[in-house]
Structure formats: C-alpha cells, structure tokens
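One letter stands for each residue in the lines below.
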Amino acid sequence: MDVNFSQAGVLSLVLLTVLLSSSAAFLEPYDLLYDNAVQAFYSSDYPGVVRYMEAALSSYAGVRSTKVRCRLRCQEQHPFNATFSDLLFFDAVLRRSACMNTCIEEKVGMQSMHIVSEDVVQDFHRRIPYNYLQMAYQKLKQPDKAAAAAHTYFQANPEHVEMGQNLEQYKDLEGVQEEHFVDREARPHQRSFTAGVSLYDKGDYEAAIVLFEEALVEYFKADVECRALCQGPQKFDGHDHLLYRYGLHELISDHFTQVLHCEHECVRDLATRPGRLSPMENYLPLHYDYLQFAYFHVDRLEEALQCTLTYLLFHEGEESMTDNVDYYREMLGHDGTPREKAAWYLRRHKQELELLLVGSETMGVEFTEGHYWSSTGGRENSNRIPSGTDGWMEYVPISERKNVTVVAPLQYREGGPLVYDSVQLVQNSASLNGTQRVLLDDVISEEECSELKHLAHSVTMAGDGYRGKMSPHTPNEKFEGATVLKTLQYGYEGRVPLRSARLFYDTSERARRIIESYFLLNSTLHFSYTHLVCRTAITGQQDHRNDLSHPIHADNCLLDPEANECWKEPPAYTYRDYSALLYLNGDFDGGEFIFTEMDAKTVTAAVKPRCGRMVGFSSGGENPHGVKAVTSGQRCAVALWFTLDPLFRELERLQADEVIQALDGQSQWDHSLNINPKDEL
C-alpha cells in the first residue's frame, strides 16, 4: 500500500511538473509579479521580494524584446511588393499581422494578459522596482547586489538625495567592489559613448575610437528597436482609434501618423538619459565630432575627413568643420564622402517630417518638429577638440531650443489680510527664503484638528487619491486619503458624523479664502483638488532609513534639477497655481515639510507640522518642496491645490457644493459651528 501511494505521488509530481513547465513556456505578466513583490515587501518577505521583482524585471524585458524580434522578423518575411496595388499592400499587412500575433503569443501567451496600466509602466520607466530590490538585498545581507540595485535606481533618479547617501555607505562596506556599482538597465549606445568620451579626455584616442564606433553601431540598432516598439496601440485624444474615424483611409492615416510620430521621436528617446526630461543636445552628430578629432590624433586622415563630412550633413556650412574639410582635402590630395548610414538616416528623417506634416493636418492637430541637432555646442577652436564636460552635453534652455514665446514673469504680491482674527502670520516669503511662500498658525483650533483627525481614521482608505497605491512615494510609509465629496457621502449615509464631514468642507474653504486674500490675487481662486491624507510609518522598516516621505517636486511642472528647469508640460498638473497644506497634528517623528532650490538638494526652509499650522505657496518651479521621512507615528493634513482657471475647477468639489446646498436647504446643520460660510464660486 505504501508503494502504491508512493507511485501515485510520483505521478502527481510528474503531472504537476508538466503543467508547470507548459505554463512556464509563456512569460508571466510583469504587473502581477510586481504586485506580488510589493506585497511581499510589506510582509517583510524579502526573499519573496527578490524572487518576484527579479522575475518582473525579466518578464518586462522579455515582453519588449519579443515584440521587437517578432515585428522585425515579420516585416522581413512579408515585405511590401515593389509593384504596388491595394490588394498587394493589404496582403502584406494582413500577413504581417497574423505573423506577429503568432510569433508574440508563442513566447508571451495571450497578449491581453500583458496589458498593463500606465502607472505600472511609469514605475518601470522610473526604475522603482530597483528601490525595492535595494532594500530587500540590504535586508538579506547581500550588499553587492544592493549596491547594483541602488546604482541602477539612482541613474534614473539623481534627485533622490538619500539614495546617493546609500551609495556612499555601500562603498565603505566590506565585500563591495567598484565593479558592483553597475547600471543594470544601461543602454549600450549611451554606455559606449560615455566610456568613449572618458578615454578621449584621457588622450587614449585608439581605444576611444573603438568605443565611439561601437556606440554608433548600438545607436542604429537601438533606433530599429525603438521604432519596432512604436507599432502598437495608439491614443487619439481619449477616443478609441477604431471609433475615431469612420472611413478606412482616414483611420489608416490617423493611426499611421501616430506611429510615425512615435518613430520620429526615437531621436529624442535615444538621446535622453534615464529619468531625464530633455535630450542631450546634438547627441548623434557629436559622435562624428569626437571621431573626427580622434582619427586626426592617430593620423588616420581618410577616416577623419569622412567623419567631418558626415558631421556637416547635420550642420551644413558649420565654419570650423568646413575649415577642417579643406585641411584634410589638402593633406590627402583628394575629396571624400560622408558615411552612407548617416546620410540614409537623415534622408529618412526628412521624409518622415514631410509625411507628419500632411498626416497631422489630416488629423487636425498641430505638429512642431523638434530641433535636436540645432546646437553645435561650444567647441574650443583654439585647440580643436570637441566640446564636452563630463561626457554628457549640457542642457540648452527651452527658449533657445524651440521657437517659443518667453512669457514675462508674473508680478507676485503678498501680505494681504488673513481674513480670520485667530490666524497668525509666522513667516513670509523673505523669512522662508523664497518667493510666494507663507507660514500661518491657528488656522483651525485644537478641537477642530482632533475632530478632523478622528474623521480621517474613519473615512480614509489606503491608496485613495494615489491611484490605489498604498505607498506611492516610499515603501516605508502607508498613505491613506479621502476627498470632500466622499466624506460628505459617508456623512449623509451615517457612516461618519455629518458635522465632521461639514467641518472638512468648511475648513478647506477657509484655507482657500486665506490663500486668495494673503497673496492679493485679482481673480477667484478655485479648488483643483482637496485631500484629507494621513501617512503612517510602517513598523519594522525604519532602521537606517534616509529616504524622503515625498520626494522633492513642484506641483505644476516637471522638476529637472540637473537642467535647473521645471518643464510646464504633461503629465504635470500645469493648471495648478497655488498649493497649501493644513496640518492636523505634530505628535510623530520626522515628517518636516521642506523647500529646496531647483537642484532638489539645497534646503532653503523647513516647517515642523503642528495642529492648525498651514504652509501656502505658489505651485511652480520657484517652490520645489518635499517631505522628510515619517519615522514613527502618523502625520495627518488637509492637502489643497488651487487654480485660477475656472475650466479646471475640481468636479468633485462642484458636486460637494451641490450636496451642501441641498443639506443647507433642509436646515440639517448645527449652526453653532463658528465657521464662516463659503463664497460662491
């Protein structure tokens, strides 16, 4: 009997192994693996974090490489026939489509299983998984792997001061070597170029030539892959592209234009460092710039002439390069030709531009060509070496890169009435070392703080207001939030005291009136978003912690510390004009609010939260800010963002106004509350 049971067990194991091996033939969806890794982190299951997160990164890379490989293979197998006709054209299209579906699903399984939310995609672009891995490897006493994860994360998040400090600590740990600090996500073309510049600066021209040539090979390979990844679903101003146009040719035109725009923008993508917003100016031509001088230094004038002529394809008539061409022709006794690969690349780029102008007009959208090669850099002609600093080109201000209208800065004012007698001015912009900043006390009373904090404990949910993410800014804290409308709904349903819900509504209105009055605004300040939020330190995850509770950022633009710029473009909330934080308590450790310079490092002012204290400021790049780590306890506040543009008023706020009007009409409120009524919007 024991033998029979053993045989049955073996058969079960064999069947299980077969099933597992068959499912393992397909890549698991990386968003599910990522979610499992995050859950493991909060359960302190650090081996699980490593297992799931490494699998998620592998699956993410596998899906991308599979799409590239299959799309390129199917394009090659089913080319467009030189003899054009509608049937032949669509014959190739249909066969390519069938080929791609079969090829991709052989590796990844059903493609619908790999449809991932934009939030997860952005997390992988920002290399958030490596932050989790760094901490997990640290807990598992594997400092070499922790160092690699930290280095990889830091390359895309250089403003993360604490990660930089972690890296310095890893350097001093026993067993950690310089070779452990590797960028696991490094792009080969950028890595080779950087190494080439380093060798060039050291005078090792032969070795630099090898790396610059390798960087060009990798660049054109990356360009092919980037373009292949563009051949996916496209967005048409929020419409499903199948419904956006009703005609066959309009539909094909619109979709092709979107794909072509994506492919055309690969120039920007390949020249942009991880985590940066701006491409490196003059990136591709600079390869030929360096190569020309490197070949000159090793007396290979044929190659030097070819690279000089190639550079002039991008910058026709550039004076110093034209002089170099004359010099090489004289020395060699004959002319040369530019590299065909670069010439073909530019011909295609110009053809794409012509098509994009036609397609964009058909779609009814404006298209502006990016001038990625418009700057030749500041070359020192006296010693005839290419311009460069540490191997990366410096950013050029946007006003110099594009034909834009430079808007004169607003005439900021402050010092208006505080509206309510109890409110005390603590610090103004000057004492906070900035512009359009104010710190106020006694905006609400101790009793009101207590009531709102109790309300927060009853109504807030983990991840509310953060797209469902329990820890949107740091894995060491839990974030819970609630909106005004949700709170009023809970009050109406009897799940929280209606008086408390009304207090939240009226308190936010009080804050709005104070900010509008103090900054002497000439037009009405509207609510953009209102959030009752608590952040709680997670027990067991505070040892040796030195990250921020909320990284340094600006509220209406994308902070680019290295460029010393704040780009007012999506996905930033560009319509926000003023921000305020009203604190409900101070009985926790850490959690100070800080203002910084544009570098996201230099702290210009710090605010210690306490009940009734409010910090208000303009939302632009003049006020980068963040929150220091909450290391124990819970920090609660009412966070408010305002806009001067009524078109961007918060919809939920308008709905909340209607609820208040209805309830006021029923005379259900306790009028003993000593809070002024709201102004009409």
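Up top is the structure.
Residues numbered from 1 in each chain as written. Predicted model: local features only at pLDDT ≥ 70, side-chain atom pairs only at ≥ 80, totals over all residues. Heavy atoms only, no water.

**Q** Before we go on, may I ask you to explain the packing of aromatic side chains in this structure?
**A** We describe a pair of aromatic rings using the distance from one ring centre to the other and the angle between the two ring planes. If you walk through the whole model with that rule in mind, you get 33 aromatic pairs. For the ring pair Tyr 30 and Phe 124, a centre distance of 4.9 Å and an interplane angle of 65 degrees mean the geometry is edge-to-face. Of this pair, Tyr 30 sits in helix H2 (residues 30-42) while Phe 124 sits in helix H5 (residues 118-125), and the two are 94 residues apart along the sequence. Ring centres 6.2 Å apart and planes at 75 degrees place the aromatic pair Tyr 573 and Tyr 575 in the edge-to-face group. For Tyr 575, a relative accessible area of 23% puts it in the partly exposed group. Through successive ring pairs, a cluster of aromatic residues spans Phe 193, Tyr 200, Tyr 205, Phe 212, Tyr 219, Phe 220, Tyr 283, Tyr 290 and Tyr 345. Arg 96 extends its terminal NZ or CZ atom over the ring of Phe 80, reaching a point 4.2 Å from the ring centre. (Phe/Tyr/Trp six-rings, centres within 6.5 Å; stacked < 30°, edge-to-face > 60°. Helix = DSSP H or I, 4+ residues; strand = E, 2+ residues; numbered from the N terminus. Buried < 20%, exposed > 50% of the residue type's maximum accessible area, 1.4 Å probe, protein only. Lys NZ or Arg CZ within 6 Å of the ring centre and 35° of its normal.)

**Q** Just checking my understanding: could you explain the nonpolar core for this structure?
**A** One recurring pattern in soluble globular proteins: nonpolar side chains tend to sit buried together. Core analysis: the largest hydrophobic core is formed by 44 residues, its most contacted members being Leu 440, Val 443, Ile 515, Leu 532, Met 614 and Phe 642. When residues of this core are traced back to their parent elements, those giving at least two are strand E2 (437-441), helix H19 (446-459), helix H20 (484-492), helix H21 (498-518), strand E5 (526-537), strand E9 (578-583), strand E16 (634-643) and helix H22 (651-665). If you tally residues by element for this core, the top one is H21, at eight residues. By size, the runner-up hydrophobic cluster in this structure holds 38 residues, among which are Phe 193, Ala 208, Ala 271 and Leu 291. (Core = buried A, V, L, I, M, F, W, Y, C linked by side-chain atoms within 4.5 Å.)

**Q** When you look at a nonpolar patch on the surface in this model, what are you seeing that I'm missing?
**A** Together, Leu 248, Ile 252, Phe 256 and Leu 355 make up a nonpolar patch on the protein surface, roughly 350 Å² of accessible area in all. Looking at the nonpolar patch element by element, the count peaks at three residues for helix H12 (residues 248-264). Tracing the sequence through the fold places Leu 355 in helix H17 (residues 340-363). (Patch = residues over 30% accessible without salt bridge, like charges linked within 9 Å, V, L, I, M, F, W, Y side chains within 5 Å. Areas by Shrake-Rupley, 256 points an atom, 1.4 Å probe, with all protein chains shown as cover. Salt bridge = Lys/Arg side-chain N within 4 Å of Asp/Glu carboxyl O.)

**Q** Even after reading the chapter, I still don't get the packing of helix H3 (residues 46-77) against helix H4 (residues 86-108), so can you show me in this structure?
**A** To characterise two packed helices, one gives the angle between the axes of the helices and the distance between these axes. Their axes nearest at 9 Å, the elements H3 and H4 cross at an angle of 150 degrees. In terms of orientation, H3 lies roughly antiparallel with respect to H4. Where H3 crosses over H4, the two elements pack in a sense that is right-handed. Contacts between H3 and H4 involve Val 63, Thr 66, Lys 67, Arg 69, Cys 70, Arg 71, Arg 73, Cys 74, Gln 75 and Gln 77 on the former and, on the latter, Arg 96, Cys 99, Met 100, Cys 103, Ile 104, Lys 107 and Val 108. In terms of residue class, the contact of H3 with H4 is made up of eight nonpolar, three polar and six charged. (Axes fitted to C-alpha atoms, helices over the stretch in contact; angles between N-to-C directions. Parallel < 35°, antiparallel > 145°, perpendicular 65-115°, else oblique. Left-handed = near helix turned anticlockwise from the far one by under 90°. Contact = heavy atoms within 4.5 Å. Nonpolar A, V, L, I, M, F, W, Y, C, P; charged D, E, K, R; others polar.)

**Q** Looking at this structure, I do not really get the pattern of salt bridges. What am I missing?
**A** A side chain with one charge may pair with a side chain of the opposite charge, provided their charged atoms come close. With the rule as written, the count across this model stands at 28 salt bridges. Notably, a salt bridge pairs Asp 123 with Arg 126, separated by 3.6 Å at the nearest N-O pair. Judged by its relative accessible area of 6%, Asp 123 is buried. Judged by its relative accessible area of 40%, Arg 126 is partly exposed.

**Q** Where do I start with the sheet that holds strand E11 (residues 593-596) in this structure?
**A** Sheet strands line up and pair through hydrogen bonds in the backbone, either parallel or antiparallel. Spatial ordering of the open sheet is given by E6-E14-E11-E12, a layout of four strands whose pairing is antiparallel. For this open sheet the edge positions go to strand E6 (548-553) and strand E12 (603-607), each flanked by a neighbour on one side alone. Pairs of neighbouring strands in the sheet enclose a mean axial angle of 25 degrees, with direction left out of account. (Pairing = 2+ DSSP bridges.)

**Q** How should helix H15 (residues 301-314) be read in this particular structure?
**A** For the α-helix, the turn length of 3.6 residues means that residues three or four positions removed from each other point alike. With 14 residues, H15 should cover 20 Å at 1.5 Å per step; its first-to-last C-alpha distance of 21 Å lies within 8% of that length. Of all 14 residues making up H15, ten are buried, and the element is well covered by its neighbours. Check the buried side of H15 and you find it contacts helix H14 (283-297), helix H16 (319-332) and H17. (Expected span 1.5 Å × (residues − 1).)

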